2 protein chains.
Amino acid sequence: MRSALALGPGAEFDRIRSILGRLGERAAGVGGDCALIPAGDGQLAVSVDLSVEGTHFRTEWLSLEEIGWRAAAGALSDLAAAGAEAVGILASIGVPRGAPASAVTTLMDGVGAAAASVGGVVLGGDLAAAPTWLVDVTVIGRVEVPVTRGGARPGDGVWVSGRLGAARAALDALVRGATPDPEAREAFAKPRPRLGLGRALSRLGVTAMIDLSDGLGGDAGHLAAASACAIEIDLGLVPIGPGVVEEAARRSDPPAVYAAAGGEDYELLFTLPEAASLERVRAVATATGVPVTRIGRVGEGGGVHLRLDGREQEIHGFDHFA
Amino acid sequence: MRSALALGPGAEFDRIRSILGRLGERAAGVGGDCALIPAGDGQLAVSVDLSVEGTHFRTEWLSLEEIGWRAAAGALSDLAAAGAEAVGILASIGVPRGAPASAVTTLMDGVGAAAASVGGVVLGGDLAAAPTWLVDVTVIGRVEVPVTRGGARPGDGVWVSGRLGAARAALDALVRGATPDPEAREAFAKPRPRLGLGRALSRLGVTAMIDLSDGLGGDAGHLAAASACAIEIDLGLVPIGPGVVEEAARRSDPPAVYAAAGGEDYELLFTLPEAASLERVRAVATATGVPVTRIGRVGEGGGVHLRLDGREQEIHGFDHFA
C-alpha cells in the first residue's frame, strides 16, 4: 500500500488511489509495475494490462496479430521494469460477435509470438463474446531482487533506453488518415519489451526503473513520487524516434517535447548511481542491442522538471480518463 | 498441451483447441482449470476469467458490487478445483465512458470482498475505458500437489458439492422480467467459491476435480475427456437448488435435467475411489459447511452419460459461441 499511493498526478491515478484507499488491507503490493509473490529462492512478479478496441487500438490501423503482440508487449514491459525474466502469460480475449474463429487464432498468434520473443510461454487464457475486441494480458515473471520505482536518490543519473516518440508519431499520422513513417509504424505496432536490458541493468545496480507506457512526463512523475525525489530531465538529451520530427513540426512543438508527451514507447526509464561505470553501461547496451542515453539527474524535492534550452516545460502523460 | 486438447465438445472449446494447435510449444499447461508454475516447495496455480456486460451479466440485474464479487468468485472457483489455497487476485476493469469514479470503487469492493472471503488479497489490476463494463480476474493460488481433471478411474464414485441449478433459475426469472426466488438470486449474484472444500477433498485423496461453470453436462464432459473415462450420472441423485423446481416446471423439464444444464453454479464435481470412507467424506462436508452428494460412477469408455429413471438424457453446457 505504501507504493500504491505513490503515483503521479492524473485522473486515472486518482481512480486507482480511490480504489486502493477503499480496499485497505485487502490490497497488497499494488501500484508498482508488478506485484510480487514469494516463490522459493526468488519472487514471482505479476502484472496485468488491459487493451480495448477504440481506447487502445483500432482494427483499421493494426492487424489482429499486431493487436495481440502489442497487448502482450505492453504487459511484458512491466516485467522488464522490475528486472524480471518472463515465465509466461495468460490472455483473456473479448471477441466481437460474428468474428470468425480464425480471427481469434490470429490475434493469439501475436500474443504467443511476443511471449516467445522474451522466452515466455502462454500459460492460459479465456474467451468471451464482447461488444469490441479486447485483450487483457497477465504476465508472470521471476526475479531474485526486484527493481522498484522507489530507489532513486539525489545525485543519481537519469537514463532512458531506445528512442522516444515514434509510437505517438505513428498514431498521430493514423488519426488524420495519413500513412505513418514505416519505422514509426513498426514502433507503434510491434514494440519490443526490454526484458534483456532490464535484467542486465538490474545486475548493474540500477536504483529505480519504470517502463514508459504513459509517456516520459507521466512515468517520470510516478518514479519521482515513489522515490520521493525530483527527476530533472534535459529534453535536449532525449533521443528522438523515427517520424517524430515531421509530426512534431505539424504541431509546432519541439520534437523532444512532442516525444516526452507520447505514450506507449515501452522503453525503460532508470536511475544509476553517479559512480556507475560508463563503460559497463555501454557494454550492457551493446550486449542487448538497445542504446541507452543519460538524459538528466535525480534532485532533492519532488516532481518532474523537464527543461529545454534552460526553460521548464509542462508535459502531461496520456490519461484515458482525463 | 496434453490436457489442453482434452476438452469436451462445444464451439467455445473448438476455438480454444484451434488456438492451442497453432500455439504449439508456445502454450504450456493450458486447458486445465489452472496453469501451474513451480514455486519453492509447491506450485503456484494461476487462472483467468473474463466477465463482460451483456454476455455474463447485466447491470439491471446485479449491483456493481455483486458484479465484482461474481467475477472474482468465478475465477477463484478454478483454484478450488485444483485444491489450491488463494494467494491473491488481479482485476482488470473496463469502465464505460461517463461512469463515475465511485462506480469503479464499488465494483472493486465486490472483487476485494470475494478475495478476502477465501483469504486472498488484491495484488494488482488495470483500468481502461471500454464500451461496456467488463471484469477480467486473474487468480493466483498455492498448492503442493494440484488436483487435475485427469485422474478419474473406472469404479470411482462421482460426487458434487452443494445444490445445482439455482443460478440458472435466477437468470431465467430475470430474463423474463420476473423477481427470482431470493435464495436463487443469492446463488446467482454471490456464488461462494469452494476453496476450503477443495483443499479438504485434496487431502482426502480425490482423484479428479473440476468446478461447475459450464453446467454439470458440459463440465463432466471435460472431466471425462481429460480422464479418458466415462462419467455416468444418475440425475435422480443430483441435489436441486432453490427456485429450480418452479423454473423447470415452466419449461416442462424435469428439475434435475434443468439443473444439469445450468451454468455458473461454481460447485465442485469430483471423483473419489470406491474405498473412500463415507465417514471421512461426511466429516469434510461438516467441517466446511458444504454438503456433498454422490451422484454417479466413473465407467470404462468415454463421454458423459446422464440418466434419469434409467433413460439417457442429452444435456449440453452453456456455450457463448454456440
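Residues numbered from 1 in each chain as written. Chains lettered and ligands numbered in written order. Predicted model: local features only at pLDDT ≥ 70, side-chain atom pairs only at ≥ 80, totals over all residues. Heavy atoms only, no water.

Quick word on the overall build of chain A
Filter applied, for reference: For helices the rule is a DSSP run of H or I covering at least 4 residues; for strands it is a run of E covering at least 2, with both sets numbered from the N terminus onward. Exposure categories follow from relative accessible area, calculated using a 1.4 Å probe and restricted to protein chains: below 20% of the type maximum is buried, above 50% is exposed, and the middle band is partly exposed. Every residue pair with non-hydrogen atoms within 4.5 Å of one another is taken to be in contact. Accessible surface area values rest on a Shrake-Rupley calculation with a 1.4 Å probe, where residue burial reflects the displayed protein chains alone.
The helix and strand inventory of chain A stands at 11 helices and 12 strands. Expressed as a percentage of the 322 residues in chain A, the buried residues total 61%. Within chain A, contacts between residues at least 6 apart in sequence are counted, and of these 82% link residues at least 24 apart. Only carbon and sulfur atoms are counted for the fraction: they give 50% of the accessible area of chain A, which is about 11,800 Å².

Topic: the sheet that holds strand E5 (residues 134–143) of chain A
Residue and element names in this part refer to chain A. Basically, it comes down to this: Should DSSP find at least two bridges between two strands, the strands are regarded as paired. Note on geometry: axes are C-alpha line fits, over the in-contact stretch for helices, and angles between N-to-C directions span 0 to 180 degrees.
Judged by pairing direction, the sheet is mixed, and its 5 strands sit side by side in the order E1-E2-E5-E3-E4 without closing on themselves. Sheet topology places strand E1 (35–39) and strand E4 (121–130) at the edges, where each strand pairs with a single neighbour. Averaged over all neighbouring strand pairs, the angle between strand axes comes to 20 degrees, with direction disregarded. Set on the sheet, helix H3 (residues 64–82) makes contact with strand E2 (42–52), strand E3 (85–96) and E5; between it and E5 the angle comes to about 30 degrees. The strands that helix H4 (residues 101–117) touches are E3, E4 and E5; relative to E3, the one it contacts most, it runs at about 165 degrees.

Here's the deal with the pairing of strand E9 (residues 268–272) of chain A
Successive side chains on a regular strand alternate, one facing one side of the sheet and the next facing the other. Residues and elements named next belong to chain A. In terms of burial, E9 is largely enclosed, as 5 of its 5 residues are buried. Residues Leu268, Phe270 and Leu272 of E9 are buried on one face, and the alternating residues Leu269 and Thr271, pointing to the opposite face, are buried as well. With 4 bridges joining them, strand E6 (residues 157–161) and E9 adopt antiparallel strand pairing. Bridging from a neighbouring strand, Val158 pairs with Thr271 of E9. Sheet analysis places strand E7 (residues 208–211) next to E9, joined by 4 bridges and oriented antiparallel. Bridging from a neighbouring strand, Met209 pairs with Phe270 of E9.

A look at H4 of chain A
As a reminder, the rule being used: Expected span of a helix, by definition, is 1.5 Å for each gap between consecutive residues, and there is one gap fewer than residues.
The end-to-end C-alpha distance of H4 of chain A is 25 Å, a good match for the 24 Å that 17 residues give at a rise of 1.5 Å each. Of all the positions in H4 of chain A, only Ala103, Val104, Thr105, Leu107, Met108, Asp109, Gly110, Val111, Gly112, Ala114 and Ala115 of chain A are classed as buried.

Some thoughts on the pattern of salt bridges
Pairing of side chains with opposite charge becomes possible as their charged atoms draw close. So the rule is basically this: Criterion for a salt bridge: a side-chain nitrogen of Lys or Arg within 4 Å of a carboxyl oxygen of Asp or Glu.
Per the counting criterion, the structure on display carries 22 salt bridges over all chains. Among the salt bridges present, the one from Glu186 of chain B reaches Arg192 of chain B, with a minimum N-O distance of 3.1 Å. Each member of the salt-bridge network shares a partner with another, and the members are Arg168, Asp172 and Arg251 of chain A.

A short note on the packing of aromatic side chains
Residue and element names in this part refer to chain A. The condition is simple: Only the six-membered ring of Trp is used, alongside the rings of Phe and Tyr, when aromatic pairs are assigned; centres must lie within 6.5 Å, and planes under 30 degrees apart are stacked while those over 60 apart are edge-to-face, with the rest tilted. Here, over-ring charges are defined by two tests on the NZ atom of lysine or the CZ atom of arginine: distance to the ring centre within 6 Å, and angle to the ring normal within 35 degrees.
Under the definition given, this model contains 2 aromatic pairs over all chains. Judged by centre distance (6.3 Å) and plane angle (10 degrees), the rings of Trp159 and Phe270 are stacked. Residue Trp159 is found in strand E6, and its partner Phe270 is found in strand E9; the two are separated by 111 residues along the sequence. For Trp159, a relative accessible area of 8% corresponds to the buried category. Classification of Phe270 by relative accessible area gives buried; the value is 0%. One cation-aromatic arrangement involves Arg168 over Tyr258; the distance from NZ or CZ to the ring centre is 3.9 Å.

A look at unusual backbone geometry
Of note, the phi angle at Tyr266 of chain A is positive, near 55 degrees, even though the residue is not glycine. Here Tyr266 of chain A lies in the loop between helix H10 (255–260) and E9. If you check the backbone angles, Ala228 of chain B has positive phi at about 55 degrees while not being a glycine. Within the fold, Ala228 of chain B resides in the loop between helix H8 (216–227) and strand E8 (230–234). For Ala228 of chain B, a relative accessible area of 62% puts it in the exposed group.

Describing the nonpolar core
Residues and elements named next belong to chain A. We count it as follows: Side-chain atoms within 4.5 Å link the members of a nonpolar core, which is a set of buried Ala, Val, Leu, Ile, Met, Phe, Trp, Tyr and Cys residues. Delimitation of the domains relies on an automatic or database domain assignment.
In this structure, Trp133, Leu216, Ile233, Leu235 and Leu269 are the most contacted members of the largest nonpolar core, which totals 93 residues. Sort the elements by how many residues they give to this core and H3 lands first, with 12 residues. Structurally, this core is a two-domain feature, drawing no fewer than three residues from each of domain 1 (32–143) and domain 2 (157–313). Setting aside residues no more than four positions away along its own chain, Leu269 makes contact with Val158, Trp159, Val160, Ala208, Met209, Ile210, Leu212, Leu216, Asp219, Ala220, Leu223 and Ile295.

Here we look at the sheet that holds strand E11 (residues 303–308) of chain A
All names here are of chain A. The sheet built from 7 strands is open, its strands ordered E7-E9-E6-E10-E8-E11-E12 with mixed pairing. Looking at which strands have only one partner, the edges of the open sheet turn out to be E7 and strand E12 (311–313). Within the sheet, the average angular offset between the axes of one strand and its neighbour, ignoring direction, is 30 degrees. In this structure, E11 lies alongside E12, joined through 3 bridges in antiparallel fashion. Paired with Leu306 across the two strands is Gln313, which belongs to E12. Running over the sheet, helix H7 (residues 195–204) touches E6, E7, E9 and strand E10 (292–299) and is turned about 10 degrees from E9.

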